[in-house]
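# Architecture and fold: a report
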Number of protein chains: 2
Amino acid sequence: MSVTIGVFDSGFGGLTVLRALLPQLPGVDFVYLGDSARLPYGSKSQATIARYAVSAAKFLEQEGAEFLVIACNTASALALDDIRAAARVPVLGVIETGAAAANAASITRDVLVLGTTATVESHAYANACAAHGLRVVEKACPLFVPLVEEGWIHHPVTADVANIYLTEALNRARAAGLSPDTLLLGCTHYPLLRELLESTLDRMFAEPLQIIDSAGVTAAAVARHFSAELRELPPSAPSIADCTFFATDSVAKFQSLGSQFLGQPIDHVTHIDLEE
Amino acid sequence: MSVTIGVFDSGFGGLTVLRALLPQLPGVDFVYLGDSARLPYGSKSQATIARYAVSAAKFLEQEGAEFLVIACNTASALALDDIRAAARVPVLGVIETGAAAANAASITRDVLVLGTTATVESHAYANACAAHGLRVVEKACPLFVPLVEEGWIHHPVTADVANIYLTEALNRARAAGLSPDTLLLGCTHYPLLRELLESTLDRMFAEPLQIIDSAGVTAAAVARHFSAELRELPPSAPSIADCTFFATDSVAKFQSLGSQFLGQPIDHVTHIDLEE
């Protein structure tokens, strides 16, 4: 027997989710689709995002996916119901798993959420957290994605920016009377900044904040879903050889930028065209 | 008599060109179109960019434009011939005017060009400058646009980033045996950083570099084109009342972000749909 899981993102960020999935689900086959020709999704209308995401989900089903991970915050926020209605297989989004993990982790019940401007303006994390009874302060961090894409992962400029953003978020939380003990990284680019954010928090702030990245907790949720199947799979080491990559824009760009997000070289990417 | 000039950009950056045009052409009517629903152009194919830009040019002609300013680096680099073939009126792009101004200004014949990744990878400025016999070092500055859009125009982080980018560009120029005396700002967002770049250059570098922004020199070229008509226009002060604004995405976002680029409030924007 074998298991095939489809992972979808508008671009490269979802590769941090695949990176977290690989060691949790050894022996599983993965099909990754980055809709890089149509990114960014964040600035587009709900109807357009739903149309794009549904076409991507159908493509991954055709490629044999028995389970879909929507590793894209915008599509998870705005198109999860449309994808579930169109897909014949289970669908999991990064926002609901992130909110559930924050719920399990927070003792004060107060949570900080960092995300892109589009994700923060959608209030998707705030709504998902509020459903668990959590109080939330959301902070847009529009420079984090370009800093990661510039490759400035451990860079003094990025540390300065992180300090400014975190100070503003914590000041806003205190002004609202909140005592956050949990920091939710609501963007698939941000796990690459996890170490830098941890050391910034250690250096600048007295209160201990536990960091939850939706990539890690989504991978854990998928592993729980497949726990029975995983027990039956023959033992094997996690390997990128079990991954098939598709991109809708430049294959060369996907390989070079994508390898940074995945943390290992991507040797082969197939170009596909999803335009109707 | 009256003169109507159409100004086109994929979004807001072209408003720095309109900002430079207003005082140079008092009494002229302007029609500005920001194709904000389809930005960014930089990551799209030549055929797609040409199709978008031609539809925008035709719209501006319908609105009465007798002259078109392509205030978008990507469209100027990749679609100027297509726009000229489709338009019945004169068309001017920011890249050719920027290169001509660098040619007039440089004594050493060595020029630094700063631009977005897409513009630099197209080598459009390098080719346009080489046609004048100039030697060029191009440097992609992918963080400048998000820093401007974050509103960090006079900010220590932006000064740090400018210092890093300029140091790298000048080191690369020296390694190639060049002595640049001219810095060409090859992105319509960058005029907002002009003061910060000037003070960074003054503080960090011995050699004097004169800064040319394509917005300013494009405005000067348009004013030269209309010098006869300008003499016949009744005297008047430059006024935003002579401008009509169209955007293909959110009118509210165009007003708030666009006002920063124009340097004064934009009261009225009309939404249009260019999709076929």
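Residues numbered from 1 in each chain as written. Chains lettered and ligands numbered in written order. Predicted model: local features only at pLDDT ≥ 70, side-chain atom pairs only at ≥ 80, totals over all residues. Heavy atoms only, no water.

## Here's the deal with the interface of chain A and chain B
Contacts between the two partners involve 15 residues from chain A, matched on the other side by 15 residues from chain B. Roughly 1300 Å² is buried in total at the junction of chain A and chain B, and carbon and sulfur atoms are behind 68% of that figure. It is Leu 143, Glu 150 and Trp 152 of chain A in chain A that bury the most area against chain B; as a group they hold 31% of the surface buried on that side. Here chain A and chain B share zero salt bridges between them. In this structure, the connection of chain A to chain B is made through two residue pairs in polar contact (both at pLDDT 80 or more). When contributions to the side of chain A that touches chain B are tallied by element, the ones reaching two or more residues are helix 8 (144-149) and helix 9 (156-175) of chain A. Here the element with the most residues in the side of chain A that touches chain B is helix 9 of chain A; it accounts for five residues. (Contact = heavy atoms within 4.5 Å. Buried area = accessible area lost by both parts, 1.4 Å probe. Salt bridge = Lys/Arg side-chain N within 4 Å of Asp/Glu carboxyl O. Polar contact = N/O pair within 3.5 Å; in protein donor to acceptor, adjacent residues only side chain to side chain. Helix = DSSP H or I, 4+ residues; strand = E, 2+ residues; numbered from the N terminus.)

## Examining the pattern of salt bridges
Counting across every chain of the model gives 16 salt bridges over all chains. Here Glu 61 of chain A makes a salt bridge to Arg 88 of chain A, at a shortest N to O gap of 3.2 Å. Of this pair, Glu 61 of chain A sits in helix 2 (residues 46-62) while Arg 88 of chain A sits in the loop between helix 4 (80-86) and strand 4 (91-93), and the two are 27 residues apart along the sequence. Of the residues examined, Glu 61 of chain A reaches a relative accessible area of 10% and is grouped as buried. Residue classification places Arg 88 of chain A among the exposed positions, given a relative accessible area of 71%. With a closest N to O distance of 2.4 Å, Asp 110 of chain B and Arg 135 of chain B form a salt bridge. Taken together, the positions of Asp 110 of chain B in strand 5 (residues 110-115) and Arg 135 of chain B in strand 6 (residues 135-140) put the pair 25 residues apart, joining distant regions of the chain. Via salt bridges that share partners, Lys 139, Glu 168 and Arg 172 of chain A belong to a single interconnected network. (Buried < 20%, exposed > 50% of the residue type's maximum accessible area, 1.4 Å probe, protein only.)

## Considering the pairing of strand 9 (residues 243-247) of chain B
All names here are of chain B. Among the five residues that make up strand 9, four are buried, leaving the element largely enclosed by the rest of the structure. Judged from the five bridges that link them, strand 2 (residues 29-34) and strand 9 form a sheet pairing that is parallel. Along strand 9, the bridge assignment pairs Tyr 32 with Phe 245. Where strand 9 and strand 10 (residues 270-271) come together, two bridges link them in parallel fashion. (Pairing = 2+ DSSP bridges.)

## Some words on the nonpolar core
Core analysis: the biggest nonpolar cluster contains 163 residues, and Ile 5 and Phe 144 of chain A together with Ile 5 and Phe 144 of chain B have the highest contact counts within it. The contact partners of Phe 144 of chain A, leaving out residues within four places of it in the chain, are Leu 114, Val 161, Ala 162, Tyr 165, Tyr 190, Leu 193 and Leu 197 of chain A. (Core = buried A, V, L, I, M, F, W, Y, C linked by side-chain atoms within 4.5 Å.)

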